[in-house]
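# Structure at a glance
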Amino acid sequence: MASHRYARALIDLQAFRSNLALARRCAGGRAVYAVVKADAYGHGMATIAGAAEAADGFCVADLDEGLQLRALVPERPIVVLQGAHDRAGMAAAAEAALTLVLHTPEQVAGFMETRRPGATTPQPWLELDSGMHRLGLDSAALAAAKAELEAQGFSPVVMTHFACADTPEASLHQQQRAAAAALGAPSSACNSAALLASDVTGDQIVRPGIMLYGGASLAEQTPEALGLAPVMTLTSRILAVRTVPAGDSVGYGAGWVAPRESHIATVALGYGDGYPRTLPPGTPVLTAAGIAPLVGRISMDSLTIDITDLPSVALGDRVTLWGKGLPVDQLAAALGTIGYELLTRLGPRVPRVVEDPDHG
Ligand SMILES: *Cc1c(COP(=O)(O)O)cnc(C)c1O
């Protein structure tokens with residue numbers, strides 16, 4: 001069904017392919033597993049998986065995501081980062097040839113009870129807690145699990161995850177890097193930030209996520225400076241335009257009072273679409289004539305911008321909320337969060353519209 005909605009998230013697959021190519025260059029000859037958890041960071045897992053021909057494999061957060069992806073990608077490895085929670089989960093993963101991360105002793109025991117090495121059994125991944133203290137086995141438990149799995153004929157991949165890859169000078173990062181380097185082959189440690197900081201240690205497999213979508217992962221460098229392009233551009237159109245006399249208010253709670261006679265445009269997109277209600281007044285919205293500031297409170301289905309100084313902006317015009325020309329990270333910074341959160345919270349009401357000039 002064609003959408004009549006003004007709001008849409010344009011998904012630029014050429015940008016995605018170019019970001020993936022950059023990840024490949026950073027990875028040298030290592031295998032690149034594209035991280036597509038949380039519906040590919042809000043971009044749509046099916047769309048992104050379909051454009052990730054150059055990825056050697058994929059990572060998802062949980063089993064449901066893994067099973068959904070397996071239906072789309074019959075052959076390549078799919079790593080389930082949180083593993084399976086019980087025997088039914090272990091069995092479902094086996095059936096779909098999903099690679100399980102084992103991060104607790106219970107998961108290691110469950111895996112060894114239910115799996116035998118075989119041609120169709122993917123090797124398990126063992127996660128080392130090298131200092132982030134979120135998931136993973138300590139080094140003694142990891143060594144024991146690795147020995148037991150090897151005794152059963154498995155060749156586990158050892159992985160770890162960095163807490164401070166965006167600030168590589170942090171002492172915890174140095175400590176985790178040293179632990180990662182000592183993992184021994186085959187191993188996997190790097191996310192986007194570590195990959196972009198040329199911090200690839202002993203990895204055989206790297207796990208970039210946000211960089212593939214053109215989002216920021218390093219504190220010091222913008223995605224643009226690194227040669228990454230935003231994949232998602234969130235846009236909508238102007239639903240109404242009115243003149244508000246000086247002294248009148250706009251929106252719920254009469255939260256904004258016009259300091260002069262003002263032209264106010266109402267844009268068809270609100271917090272019900274995942275545009276955070278807490279974005280402050282003055283947040284930039286990009287029109288064809290330039291930046292218009294957000295005024296008044298954001299509603300569920302709409303928001304208002306001041307176009308007094310942009311006389312050419314008219315009813316029906318398309319505006320950009322984030323993406324090309326307006327980095328999502330800039331909005332995220334104003335809220336004290338990161339682009340990842342805004343992207344993954346974009347609501348299901350916003351149609352994802354694919355733009356793919358290379359592939360008709
Ligand atoms: C989400 C995730 C990644 C990808 O991280 P980015 O910062 O998006 O590159 C890699 N590894 C693990 C274990 C993750 O949870």
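Residues numbered from 1 in each chain as written. Predicted model: local features only at pLDDT ≥ 70, side-chain atom pairs only at ≥ 80, totals over all residues. Heavy atoms only, no water.

## Quick word on the overall build of the protein
What the protein contains, in helices and strands, is 12 helices and 18 strands. Dimensions along the principal axes, computed over C-alpha positions, put the protein at roughly 80 × 50 × 40 Å. In the protein, which comprises 360 residues, the share counted as buried stands at 50%. Across the protein, every contact between residues at least 6 apart in sequence was considered, and the portion connecting residues at least 24 apart equals 62%. (Helix = DSSP H or I, 4+ residues; strand = E, 2+ residues; numbered from the N terminus. Buried < 20%, exposed > 50% of the residue type's maximum accessible area, 1.4 Å probe, protein only. Contact = heavy atoms within 4.5 Å.)

## What to know about the site of the ligand
Around the ligand, 14 residues are found, and the nearest of them are Lys-37, Tyr-41, Ser-192, Ile-210 and Tyr-340. In the model, an oxygen atom of the ligand is placed 2.7 Å from a nitrogen or oxygen of the Lys-37 side chain. Here an oxygen atom of the ligand and a backbone polar atom of Ile-210 are 2.8 Å apart. If the ligand stood free it would expose 390 Å²; the protein chains cover 91% of that surface. A per-class count over the shell around the ligand returns 7 nonpolar, 4 polar and 3 charged. (Near = heavy atom within 4 Å. Polar contact = N/O pair within 3.5 Å; in protein donor to acceptor, adjacent residues only side chain to side chain. Areas by Shrake-Rupley, 256 points an atom, 1.4 Å probe, with all protein chains shown as cover. Nonpolar A, V, L, I, M, F, W, Y, C, P; charged D, E, K, R; others polar.)

## Describing the nonpolar core
One finds Phe-16, Val-36, Leu-69, Tyr-275, Leu-303 and Trp-322 to be the most contacted residues of the largest nonpolar core, which totals 104 residues. In terms of residue count, helix 1 (residues 13–26) provides more of this core than any other element does, 6 residues in total. In terms of domain composition, this core takes at least three residues from each of domain 1 (14–213) and domain 2 (232–359). Setting aside anything within four residues of it in sequence, one finds Phe-16 in contact with Ile-48, Ala-51, Ala-52, Leu-212, Tyr-213 and Val-231. Counting residues in hydrophobic clusters, the runner-up holds 6 residues, among them Val-244, Val-250, Ala-258 and Ile-264. (Core = buried A, V, L, I, M, F, W, Y, C linked by side-chain atoms within 4.5 Å. Domains from an automatic or database assignment.)

## Some words on the domain arrangement of the protein
What the domain assignment lists for the protein is domain 1 (14–213) and domain 2 (232–359). Measuring from the centre of the C-alpha atoms in domain 1 to the corresponding centre in domain 2 gives 37 Å. Carbon and sulfur atoms make up 59% of the surface buried where domain 1 meets domain 2, a total of about 970 Å² over both sides. Taken together, the links from domain 1 to domain 2 amount to 0 salt bridges. Taken together, domain 1 and domain 2 are joined by 1 residue pair in polar contact (both at pLDDT 80 or more). At the level of elements, helix 1 and helix 2 (37–41) are the ones that each hand at least two residues to the side of domain 1 that touches domain 2. When the residues that make up the side of domain 1 that touches domain 2 are grouped by side-chain class, the tally is 3 nonpolar, 4 polar and 1 charged. (Buried area = accessible area lost by both parts, 1.4 Å probe. Salt bridge = Lys/Arg side-chain N within 4 Å of Asp/Glu carboxyl O.)

## Comments concerning helix 1
Between its first and last C-alpha atoms helix 1 spans 20 Å; for 14 residues at 1.5 Å apiece the expected length is 20 Å, and the two agree. Taken together, the buried positions of helix 1 are occupied by Leu-13, Ala-15, Phe-16, Arg-17, Asn-19, Leu-20, Leu-22 and Ala-23. Along its buried surface, helix 1 packs onto strand 1 (8–12), strand 2 (31–35), helix 3 (45–51), helix 9 (192–196), helix 10 (223–226) and strand 18 (352–355). The opening residue of helix 1, the one whose side-chain oxygen lies 3.0 Å from the backbone nitrogen of Gln-14, is Asp-12. In the stretch just after helix 1, Gly-28 is the one whose phi turns positive, near 60°. (Expected span 1.5 Å × (residues − 1).)

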